[in-house]
Amino acid sequence: MTNQWIDITQPLNQHIAEWPGDTPFSYEVAVSKEQSGSVNIGKLTMSTHIGTHTDAPFHYDNDGLRILELPVDLYIGKACLVDVTGVSCVTRADLEPLDFGGAERLLLKTGSHPTPTKFPQSFTVIGEDVGPLLKERGIRLIGVDTPSVDPETSKELLGHHSLYRNDVIIIENLVLHSLEVGHYELIALPLALEEADGSPVRAVVRRLES
């Protein structure tokens, strides 16, 4: 790969799987060109946590920051991609030996969510001891290829809260299967949703020369 931008976003369409019980994605042409005489106008219905998205701290803390209160530079810059395929719960011990190369963003390739159209029965999660390590290493954002950093049935959300306590923001449902381990430039900007607990992102990367 030579400076080629790679889209690592799940396409939003009628077939994408939502979190169990959450609002499914829907798009329709609410007003057609024939009706308006000039343009087609689309209508979206969706959860803020469907497809590739970022969590604002308000998602799991009533006093947490909303999307528009998060610094935009979190979502732009150098990212380190590591492969933790086969690990059911990523812990400090899994990540501590790795050199993140000064990156402030960490992408975890787990391979545990192979198809966006089917919600996985199980997927790799993040241990409570990961947050402190990431803060020590200067990581401000973590991106995963799973629907959550915590198990589907979790109410305590230990992974979310550990990352939050250590000033690490989360992106979920990235598409990382085609990427090799290494360093990338990441752009994954959320929408400017002033009061929102989360937002879809359009995430792209390009390989940095080592």
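For the structure itself, consult the block above.
Residues numbered from 1 in each chain as written. Predicted model: local features only at pLDDT ≥ 70, side-chain atom pairs only at ≥ 80, totals over all residues. Heavy atoms only, no water.

Caption draft 1: Local environment of the pairing of strand β9 (residues 141–144). The alternating pattern of β9 places Leu 141 and Gly 143 on one face and Ile 142 and Val 144 on the opposite face, and all of these are buried. For β9 and strand β10 (residues 169–172), the ladder comprises three bridges, and the chain directions are parallel. Looking at the pairing, Gly 143 lines up with Ile 171 of β10. Regarding the hand of the β-α-β motif, the stretch spanning β9, helix α4 (residues 158–165) and β10 is right-handed. (Buried < 20%, exposed > 50% of the residue type's maximum accessible area, 1.4 Å probe, protein only. Helix = DSSP H or I, 4+ residues; strand = E, 2+ residues; numbered from the N terminus. Pairing = 2+ DSSP bridges. Right-handed = clockwise from strand over helix to strand, strands pointing away.)

Caption draft 2: Region of interest: the environment of Ser 162. Note that Ser 162 resides in helix α4. Apart from the residues lying within four places of it in its own chain, the contact partners of Ser 162 are Glu 128, Gly 131 and Pro 132. (Contact = heavy atoms within 4.5 Å.)

Caption draft 3: The arrangement of the nonpolar core in detail. Counting 23 residues, the largest nonpolar core has Ile 8, Leu 107, Leu 179, Leu 186 and Val 205 as its most contacted members. Breaking this core down by element, the ones donating at least two residues are β5 (76–83), β10, β11 (182–190) and β12 (198–207). Beyond its immediate chain neighbours, meaning those up to four positions away, Leu 179 contacts Ile 6, Ile 8, Leu 81, Lys 109, Tyr 184 and Val 205. The next biggest cluster of nonpolar side chains, apart from the first, holds 22 residues, and it includes Val 82, Val 90, Phe 100 and Leu 133. (Core = buried A, V, L, I, M, F, W, Y, C linked by side-chain atoms within 4.5 Å.)

Caption draft 4: Structural view of a nonpolar patch on the surface. A cluster of nonpolar side chains, Tyr 27, Val 29 and Leu 44, forms an exposed patch at the surface whose accessible area comes to about 300 Å². Of note, Leu 44 is situated in strand β3 (residues 41–45). (Patch = residues over 30% accessible without salt bridge, like charges linked within 9 Å, V, L, I, M, F, W, Y side chains within 5 Å. Areas by Shrake-Rupley, 256 points an atom, 1.4 Å probe, with all protein chains shown as cover. Salt bridge = Lys/Arg side-chain N within 4 Å of Asp/Glu carboxyl O.)

Caption draft 5: Region of interest: unusual backbone geometry. The residue Asp 167 is not glycine, and still its phi comes out positive at about 60 degrees. With respect to the secondary-structure elements, Asp 167 resides in the loop between α4 and β10. Phi angles above zero are rare outside glycine, and Asn 173 is one such case at about 65 degrees. Here Asn 173 lies in the loop between β10 and β11. Take Asn 173: its relative accessible area is 6%, and that puts it in the buried class.

Caption draft 6: Representation of the side chain of Thr 110. For Thr 110, the position within the fold is in the loop between β7 (105–109) and β8 (125–126). Within the structure, Thr 110 has its side chain in polar contact with the side chain of Ser 112 (distance 2.8 Å). Within the structure, Thr 110 has its side chain in polar contact with the side chain of Asp 145 (distance 2.6 Å). Apart from residues no more than four positions distant in its own chain, Thr 110 is found in contact with Val 84, Thr 85, Gly 86, Thr 124, Asp 145 and Thr 146. (Polar contact = N/O pair within 3.5 Å; in protein donor to acceptor, adjacent residues only side chain to side chain.)

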